[in-house]
Amino acid sequence: KVFQAVVSCIGGDGTIYIIPKSFETALNKLMAEIQNTFKGLGLLIPYCWKKGEACVVRGSDTMWYRAKIVEVNGSTLQVQYIDRGYMESIPQCHLYPTTFYTGIPPFCIPCQLYKTLPIGNFWQQDAVDYLQELLKNEEVEIHVEELPDNPWGKLSVSLYFGGMSLSSFMAYQKYCVAEDCQDIQKLGVFEGDLSPSYLLQPLPFPGETFPVTVTHLVSPKEVYICLDSSGNLTKCSATERAGSHDSESLNKALKWCNKIVKTLPHLTNFKKELPCLAEYVDGLWYRAKLLSITQLVPVQILVQFVDYGTYLVAPTSRLRHIPCHLLKYPVQAVRVLLAGFKPASDDKNVERIPYSPEWSLKALWTMVDCVEGKRLSASIHTMSPEVTISLYGDDKNLVHLKLIEMGLAELDE
């Protein structure tokens, strides 16, 4: 069985407590009932607590939770929140004994990684801390491998975050040994001898109109577009996406990569067009490819962010190996030329685009105003040698008409 779940906590022994997404509605309903039933303080009169006894606990957020007594130690009790998994030492005045809700099974499931042996036969504290930092409150994919011998035992699972195997990742970090060698290969970060490449974005057929956003402008004529995911997908792209065996979206996978990026090795190979992860000015890491070395001392590399079309000159410290599972997503940004117009022959504006001097800077900024943040639509004219499109604004008019009105461009038959 495969299902999505949220990791509620990591136990001190490395047990991973998960709440299946399918349980969330029922859990929220139960929590609302408990809040209505129990109000005020805990039990203030003396009471003889017993190990394993059911109770409700008033948490630090003032909410009441189902729990059970794990250990009695004078006036302090160690309890386990049975729907969350975590344990806490708590004064007796914050508890209330109850037989309510004991017929409802716990909503969280204790899990252990399948065929994964921690170094030293138990999870070291630094490994537990790392798992907690990486996984707590995050949504993951669970593959059930083995049921426990008794109903209260741990479920043996393979856990995937952003398309990456947790067992493989922790084994790479030297926290454990994963018995399944094939699983280790799935990590796929360190295949430096291979020459991986990105998949191209499938495009609609010429003549079809489809929603797009413009992510980068090189000149008024040359732009990068992304197919708007909220629009209708073409048959081709639907087939492409259906073929993907990974349920995580590119954005989710990148979010996970940002969490573990410091563990990914720096680039040592600077081959042109090589896929990599690069850090943008916002401090986040995105998919990119190498274009050229612009400076040798210190080394500076020109990269292009393949899902946006934008460029950046970056030091090697801001470049990392890319996990192979990120290569299965087609590049999101497509370079296109806009049809129907050309630079105005009588444009008197002195300031020109340095790398494209036939266009004035005013024409570029005017085009930026026409497309930035707008929901646009496009229709493909030709696929080769260049992808050429007509680009329409919110009002269904061609976006370049504004440039022609202002004398910054002219019609090109």
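Owing to the predicted nature of the structure, the values given are computational and were not obtained by experimental measurement. Sequence order as written defines residue numbering, which begins from 1 separately in each chain. In keeping with the predicted nature of the model, local features appear solely for residues at pLDDT of at least 70, side-chain atom pairs appear and are counted solely at 80 or more, and the whole-chain, interface and lining totals rest on all residues. Water and hydrogen atoms were dropped before computing side-chain values, which therefore reflect all heavy atoms in the structure.

## Things to note about unusual backbone geometry
Condition: Elements are defined by DSSP. Helices are runs of H or I of four residues or more, strands are runs of E of two residues or more, and each kind is numbered from the N terminus.
Going from valine 297 to proline 298, the amide bond is cis rather than trans, its omega being -15 degrees. One can find proline 298 in the loop between strand S17 (285–295) and strand S18 (300–305). Residues serine 384 and proline 385 are joined by a peptide bond in cis, for which omega reads 0 degrees. Note that proline 385 resides in the loop between strand S25 (376–382) and strand S26 (388–392). Positive phi outside glycine occurs at threonine 62, with the angle close to 70 degrees. In this structure, threonine 62 sits in the loop between strand S3 (54–58) and strand S4 (64–73). In this structure, lysine 396 is a non-glycine residue whose phi angle is positive, near 70 degrees.

## Examining the sheet that holds S26
Applicable threshold: DSSP bridges decide pairing: two strands pair if at least two such bridges lie between them. What counts as an axis is a line fitted to C-alpha atoms, over the stretch in contact for a helix, and the angles between N-to-C directions run from 0 to 180 degrees.
Strand order in this closed barrel of five strands is S14-S15-S21-S26-S25, and the pairing throughout is mixed. Adjacent strand axes in the sheet meet at a mean angle of 60 degrees, parallel and antiparallel pairs treated alike. For strand S15 (residues 222–227) and strand S21 (residues 333–338), the ladder comprises five bridges, and the chain directions are antiparallel. Paired with cysteine 226 across the strands is alanine 333, a residue of S21.

## A few points about the packing of aromatic side chains
For any two aromatic rings, the description comes down to two numbers: the centre-to-centre distance and the angle of the planes. Stated formally: Stacked, edge-to-face and tilted are the three classes for Phe, Tyr and Trp ring pairs, Trp counted by its six-membered ring, which pair at centre distances within 6.5 Å; planes under 30 degrees apart are stacked, over 60 edge-to-face, the rest tilted. Sitting over a ring, as applied to charges here, requires NZ of Lys or CZ of Arg to be within 6 Å of the ring centre and within 35 degrees of the ring normal.
By the definition in use, this model includes 17 aromatic pairs. Taken together, a centroid distance of 6.0 Å and an interplanar angle of 80 degrees make the contact between phenylalanine 100 and tyrosine 101 edge-to-face. Three or more aromatic residues joined by ring pairs form one cluster here, namely Phe38, Trp64, Tyr96, Phe100 and Tyr101. Taking NZ or CZ as reference, lysine 221 lies 5.0 Å from the ring centre of phenylalanine 341, over its face.

## Topic: helix H7 (residues 361–371)
Heads up, the rule is: Note on exposure labels: buried denotes an accessible area under 20% of the residue type's maximum, exposed denotes more than 50%, and partly exposed covers the range between, all computed with a 1.4 Å probe on protein chains only.
Buried within H7 we find Ala363, Leu364, Thr366, Met367, Val368, Cys370 and Val371. Downstream of H7 by a residue or two, glycine 373 has a phi angle that is positive, lying close to 70 degrees.

## Some words on the environment of tyrosine 101
Test applied: Contacts between residues were defined by any pair of non-hydrogen atoms, one from each residue, lying within 4.5 Å.
Structurally, tyrosine 101 can be placed in the loop between strand S7 (95–97) and strand S8 (109–113). Taking the C-alpha atoms as reference points, tyrosine 101 and valine 56, separated by 45 residues in sequence, lie 9.8 Å from one another. If we ignore the near neighbours within four places in the chain, the residues touching tyrosine 101 are Leu30, Glu33, Ile34, Thr37, Phe38 and Arg66.

## Brief notes about the confidence of the model for the protein chain
In plain terms, the rule: Every residue gets a pLDDT, meaning the predictor's confidence in that residue, from 0 to 100.
When pLDDT is averaged along the protein chain, the result is 88, and 91% of the positions lie at 70 or above. Averaged pLDDT values over the elements of the protein chain bottom out at 39 in helix H5 (residues 235–242) and peak at 97 in strand S2 (residues 16–20). Across residues 181–186 the pLDDT falls below 50, and counting only partners more than four positions away or on other chains, this stretch makes nine contacts in the model. Counting interchain partners and residues more than four positions distant, the pLDDT-below-50 stretch residues 231–248 has 22 contacts.

## So, the sheet that holds S18
Across the sheet, which stays open at both edges, the five strands sit in the order S19-S18-S17-S16-S20 with antiparallel pairing between neighbours. Here the strands that pair on one side only, and so sit at the sheet edges, are strand S19 (311–315) and strand S20 (319–320). Note that strand S16 (residues 275–279) and S17 share five bridges and pair antiparallel. Its bridge partner being in S17, cysteine 276 is matched across the sheet by alanine 288. In the packing of helix H6 (residues 250–260) onto the sheet, contacts are made with S16 and S17, and the angle to S17 comes to roughly 70 degrees.

## With respect to the domain arrangement of the protein chain
Selection rule: Segmentation into domains, and thus their bounds, comes from an automatic or database assignment. The buried area of a pairing is the accessible area, by a 1.4 Å probe, that goes missing from both parts when the two are put together, added over both. Salt bridges are identified by distance alone: a Lys or Arg side-chain nitrogen within 4 Å of an Asp or Glu carboxyl oxygen. Residues adjacent in sequence count toward polar contacts only when both atoms are side-chain atoms; beyond that, a polar contact is any pair of N or O atoms within 3.5 Å, and within protein one must be able to donate a hydrogen and the other to accept it.
According to the domain assignment, the protein chain contains domain 1 (208–231 + 333–411) and domain 2 (265–322). Each of domain 1 and domain 2 has a C-alpha centre, and the two are 27 Å apart. Each side of the interface is counted separately: domain 1 has five residues, and domain 2 has seven residues. Carbon and sulfur atoms supply 50% of the area that domain 1 and domain 2 bury against each other, a total of about 440 Å² over both sides. Where domain 1 meets domain 2, there are zero salt bridges. Across the domain 1-domain 2 interface, the total number found is four residue pairs in polar contact (both at pLDDT 80 or more). Of all elements in the fold, only strand S14 (209–217) and S15 reach the threshold of two or more residues within the side of domain 1 that touches domain 2.

## Things to note about the environment of valine 350
Residue position: valine 350 is located in the loop between strand S22 (341–343) and strand S23 (352–353). On the accessibility criterion, valine 350 (74% relative accessible area) is exposed. Along the primary structure valine 350 and glutamine 4 are separated by 346 residues, whereas in three dimensions their C-alpha atoms are 58 Å apart.

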